[in-house]
Amino acid sequence: MEYQEGLNWIHDRMKFGIKPGVKRMEWMLKQLDNPERNINGIHIVGTNGKGSTVAYMRNALNRNGYSVGTFTSPYIETFNERISINGHPITDEQLVELIEIVKPISEELERETDLGTATEFEIITTMMFVHFGTIQPVDYVLVEAGLGAKKDSTNVFNPILTVLTSIGLDHTAILGDTLLDITKDKSGVIKPGVPLVFSIKDDVSRDYIHKILEENDSKGIELNRDIILIPENGEFQFQYGHYDFQDLKLSMPGRHQKENASLAIAALIELYERNQVNIDCNLLIQGIEETVWPGRIEVASTEPLIILDGAHNNEAVDALVNTMAKEYPNRDITVLFSAIEGKPIDTMIEKLESIADSFNVTEFDFPKALDKETVFEKVQHPVKAVVDDYKAFLDTFDGDILLVTGSLYFISEVKQKLNKNDDNQ
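Quick summary incoming for the structure in this document. Quantities reported herein were computed from a predicted structural model and do not represent experimental measurements.

**Notes on the sheet that holds strand β12 (residues 298–302)**
Overall, mixed pairing links the six strands, which are arranged β12-β13-β17-β14-β15-β16 in an open sheet. The open sheet has two free edges, formed respectively by β12 and β16 (384–386), since each of these has just one partner strand. Pairs of neighbouring strands in the sheet enclose a mean axial angle of 20°, with direction left out of account. Most of the contacts of helix α11 (residues 314–327) go to strand β17 (residues 401–405), to which it runs at about 170°, and overall it touches β13 (305–309), β14 (333–337) and β17. Along the sheet, helix α12 (residues 345–353) makes contact with β14, β15 (358–361) and β17, crossing β14 at roughly 165°.

**Focus: the packing of aromatic side chains**
In this structure the tally under the stated criterion is twelve aromatic pairs. Between Tyr66 and Tyr140 the ring centres are 5.2 Å apart and the planes differ by 80°, which places this aromatic pair in the edge-to-face class. With Tyr66 in the loop between α3 (50–63) and β2 (68–71) and Tyr140 in strand β5 (residues 140–144), the pair connects residues that are 74 residues apart, well separated along the chain. For Tyr66, a relative accessible area of 18% puts it in the buried group. In this structure Tyr140 comes out as buried when scored by relative accessible area, which is 4%. When the ring of Tyr243 is compared with that of Phe245, the centres are 6.4 Å apart and the planes differ by 55°; the resulting orientation is tilted.

**Topic: the environment of Leu29**
Assignment of secondary structure puts Leu29 in helix α2 (residues 23–31). For the pair Leu29 and Glu112, spaced 83 residues apart in sequence, the C-alpha separation works out to 15 Å. If we skip the residues at most four places from it in the chain, Leu29 touches Asn34, Pro35, Glu36, Thr126, Phe129 and Val156.

Thresholds, definitions, all that
- Residues numbered from 1 in each chain as written.
- Predicted model: local features only at pLDDT ≥ 70, side-chain atom pairs only at ≥ 80, totals over all residues.
- Heavy atoms only, no water.
- Pairing = 2+ DSSP bridges.
- Helix = DSSP H or I, 4+ residues; strand = E, 2+ residues; numbered from the N terminus.
- Axes fitted to C-alpha atoms, helices over the stretch in contact; angles between N-to-C directions.
- Contact = heavy atoms within 4.5 Å.
- Phe/Tyr/Trp six-rings, centres within 6.5 Å; stacked < 30°, edge-to-face > 60°.
- Buried < 20%, exposed > 50% of the residue type's maximum accessible area, 1.4 Å probe, protein only.

In structure tokens, the structure reads:
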């Protein structure tokens, strides 16, 4: 099988949509001798902040000499990066090898059961477990959940620790209309005796998580209760138990990144206290401070200043708006916005308008991308425009700051375009 042929087969599974549940996963993994049982896995779930938290933990573990596999979504530059080791995507040949292992099993699933066809995400998740559980063992695997938690394809292994980064209103058509509905879904990753490091701002949701933790006899380690974060002029102080780290300065701006980093530090300290990892705290902090993650308030160009951020729901946009206002006060910000179906674009746009001097909408090549006219109707900003060719817009922008946002899938396309520009120079 050729690489592109295999990739086309995976992408063709997108037509089967999203089908919450783990029965297809469990069936396929059983046929493959349950590779998910062979990993030292850490499960990272939450509405926002998963990717950054994975990056912080991976970098800190790498700095301490450990090999780390990661499973993340969506990809930003190349599909292969969804399954990576020490920050390096698997090779085309490795991806093809995994497809050739999993494809016959998925076909057998269709032929011999009434569970239906495996989705794209289920296929990729199975490939990841095969890679790290059978083909390429690593010291630790950081598994980022896709959509939700309880019925997410990743919720089929027993982790050594779980991280819940946040709870917000996203994917409400599938997960429920209230924060409590979504919390009930997220709580499905809490396993008996497995510690949970978490951040929840809603009181009702927090109480529910504590209830499930108690029922499972699992330790809860909570930001702003057990983990103390004290901002200090762009830096911050971290406290957990008898650990106290002063003057931490991250490479990624924003209060939300300090929170993500704090969850990552606490998670690794907890594993150290349980003798499940051996950590040098100086190397841990060095790894945390130098971490960057594509598409999160990423400076893609300095002349002109182009910033990319994959904010794709209200909570993520709030964090973006607050960070931009703090980092770039009294600057003229041009917004270029595009989103996919199912997002609360009315309120997302309204929030972004508060920092925009001009607001531009466009569309991109993705099955669920909203057309630009639909998005434009929602914009109330006095200076607004439809951008027919966003690639030409990027090439000719000569304003103060261009903020590109609305969807990680959109950011992925924009980054690929900007990278081609760099290659051609």
